[in-house]
Amino acid sequence: METAKPNKNTASAAPRGDAPDIFRPESSGWRRLGYLLLRPRVRLMLSWGYHWRAHGKRNLRGFRHSGMFLYGNRTGTPLDALVPASLTDKPILVPAPADILAAYAPLMRHCAGLPTPETHRDVRPFLERLEKHTVRRGAVAVYVGDTAGDAPYLYPVRFDEPSFVFYTGIRKTDGGERYAVTSVAGPFYPDMTLPHRLRAHELGERLRAAMRDLAAVPEKEAPPRE
């Protein structure tokens, strides 16, 4: 596991561009108030509905003054909208195809949903929205599939922010009761000694390997619940 590097100063100005999202708060003050009110509800939903446990959340501490990227696995359940909001107190932005965001619309009040680009014209406002969110010290939760390629790993390279991996698995007790476990690893940083065109690929390789390692750890070997 890599050690954290010192936090960098955040930029003084945010980009002007913006892209549409499912949930767009009126102001940063209302957004933070909404998070304070909604986060306890999220934790109750996870506790009652999934008996959720989290391991490695301490890895996310110490990054109060920076943005971050969280790379996770998609479960196809409401956990995908609830888990990121319980891993950190930062405002969460979830880039995903518009149809997936629409399917989780009732739950996306706990995060902000950002549709991924569908045309070349959408790329610039999409990246500007991501940059604005990280400049404001928010967290971006990215769900990646096996065929995602290197594109999702360009974000930390472009914005110079730490990356973390989280893996959520749904398991059953011997009595058949369902529960969910999320494990976190990181931080990871791009290798700035590599040529720019190779940085996202190399970072993606490390993040995918870390996610495989988290998925392979049996529950009986996991650390105590945090």
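Bear in mind the structure is a predicted one, so any value in this text is a computation, not a measurement. Residue positions are counted from 1 within each chain, in the order its sequence is given. Under the rules for a predicted model, residues below a pLDDT of 70 receive no local features and side-chain atom pairs below 80 are neither given nor counted, while totals for whole chains, interfaces and linings still include all residues. As a convention, hydrogens and water are excluded, and side-chain values are obtained from all of the structure's heavy atoms.

What follows concerns the overall build of the chain. Counting from the N terminus, the helices are DSSP H or I runs at least four residues long and the strands are E runs at least two residues long. Per the secondary structure count, the chain includes six helices and seven strands. Helices and strands in the chain line up, N terminus first, as α-β-β-α-β-α-β-α-β-α-β-β-α. Categorising residues by exposure relies on relative accessible area from a 1.4 Å probe, with only protein chains included: less than 20% of the type maximum marks a residue as buried, more than 50% marks it as exposed, and the intermediate range marks it as partly exposed. Burial statistics for the chain: of 226 residues in total, 46% are counted as buried. Summarising the internal contacts of the chain: among those between residues at least 6 apart in sequence, 76% fall at separations of at least 24. Only carbon and sulfur atoms are counted for the fraction: they give 53% of the accessible area of the chain, which is about 12100 Å². Should any heavy atoms of two residues lie within 4.5 Å, those residues are counted as being in contact. What sets the accessible areas is the Shrake-Rupley method with a 1.4 Å probe; for residues, cover comes only from the shown protein chains.

The next subject is the sheet that holds strand S4 (residues 112-115). As summarised here, the arrangement of the seven strands in space is S1-S7-S6-S2-S5-S3-S4, forming an open sheet in which the pairing is mixed. The sheet is open, and its two edges are formed by strand S1 (53-55) and S4, each paired on a single side. Strand-to-strand twist of the sheet, defined as the mean angle between neighbouring strand axes without regard to direction, takes the value 25°. We call two strands paired when DSSP finds no fewer than two bridges between them. As judged from the nine bridges shared by strand S6 (residues 163-172) and strand S7 (residues 178-188), these two strands associate in the antiparallel manner. For helices, the fitted axis covers only the stretch in contact; all axes are lines through C-alpha atoms, and the angles between them, taken along N-to-C directions, range from 0 to 180 degrees.

Most of strand S5 (residues 139-143) sits inside the fold, with five of its five residues counted as buried. Burial along S5 is two-sided: the residues Ala139, Ala141 and Tyr143 and Val140 and Val142 are all buried. Where strand S2 (residues 68-72) meets S5, five bridges bridge the pair, whose relative direction is parallel. When the sheet's bridge partners are listed, Gly72 is paired in S5 with Tyr143. Where strand S3 (residues 92-96) meets S5, two bridges bridge the pair, whose relative direction is parallel. Residue pairing across strands places Ile92 opposite Ala139, the latter belonging to S5.

Residues three or four positions apart in an α-helix share a direction because the helix packs 3.6 residues into each turn. Expected helix span is taken as 1.5 Å per residue step, with the number of steps being one fewer than the number of residues. With 13 residues, helix H4 (residues 123-135) should reach 18 Å at 1.5 Å per residue; the first-to-last C-alpha distance of 18 Å fits that figure. Along H4, the residues that are buried comprise Phe126, Leu127, Glu128, Arg129, Leu130, Lys132, His133, Thr134 and Val135. Buried residues along H4 sit in contact with S2, S3, S4, S5 and helix H5 (154-159). Once H4 ends, the next one or two residues include Arg137, with phi positive near 70°.

Now for the packing of aromatic side chains. Two aromatic rings from Phe, Tyr or Trp, using only the six-membered ring of Trp, form a pair when their centres are within 6.5 Å; if the ring planes differ by under 30 degrees the pair is stacked, by over 60 it is edge-to-face, and anything between is tilted. Applying the stated rule across the entire model yields six aromatic pairs. Centroid distance Phe69 to Phe159: 6.3 Å. Interplanar angle 10°. Geometry classified as stacked. In this pair, Phe69 sits in strand S2 while Phe159 sits in helix H5, placing the two residues 90 residues apart along the sequence. Using a relative accessible area of 0% as the deciding quantity, one classes Phe69 as buried. Put simply, the rings of Phe69, Phe126, Tyr155 and Phe159 touch in pairs and so form one group of aromatic residues. Geometrically, a charge over a ring is one whose NZ (Lys) or CZ (Arg) sits within 6 Å of the ring centre while staying within 35 degrees of the ring normal. Over the aromatic face of Tyr179 sits the side chain of Arg53, whose NZ or CZ is 4.5 Å from the ring centroid.

The step from Gly186 to Pro187 runs through a cis peptide bond, and the omega angle for that step is 10°. With respect to the helices, strands and loops of the structure, Pro187 is situated in strand S7. Its identity is not glycine, yet His51 carries a phi of approximately 50°, on the positive side. Owing to a relative accessible area of 34%, His51 belongs among the partly exposed residues under this scheme. In this model, Arg137 sits at a positive phi of 70°, which is unusual for a non-glycine residue. With respect to the helices and strands, the residue Arg137 is situated in the loop between H4 and S5.

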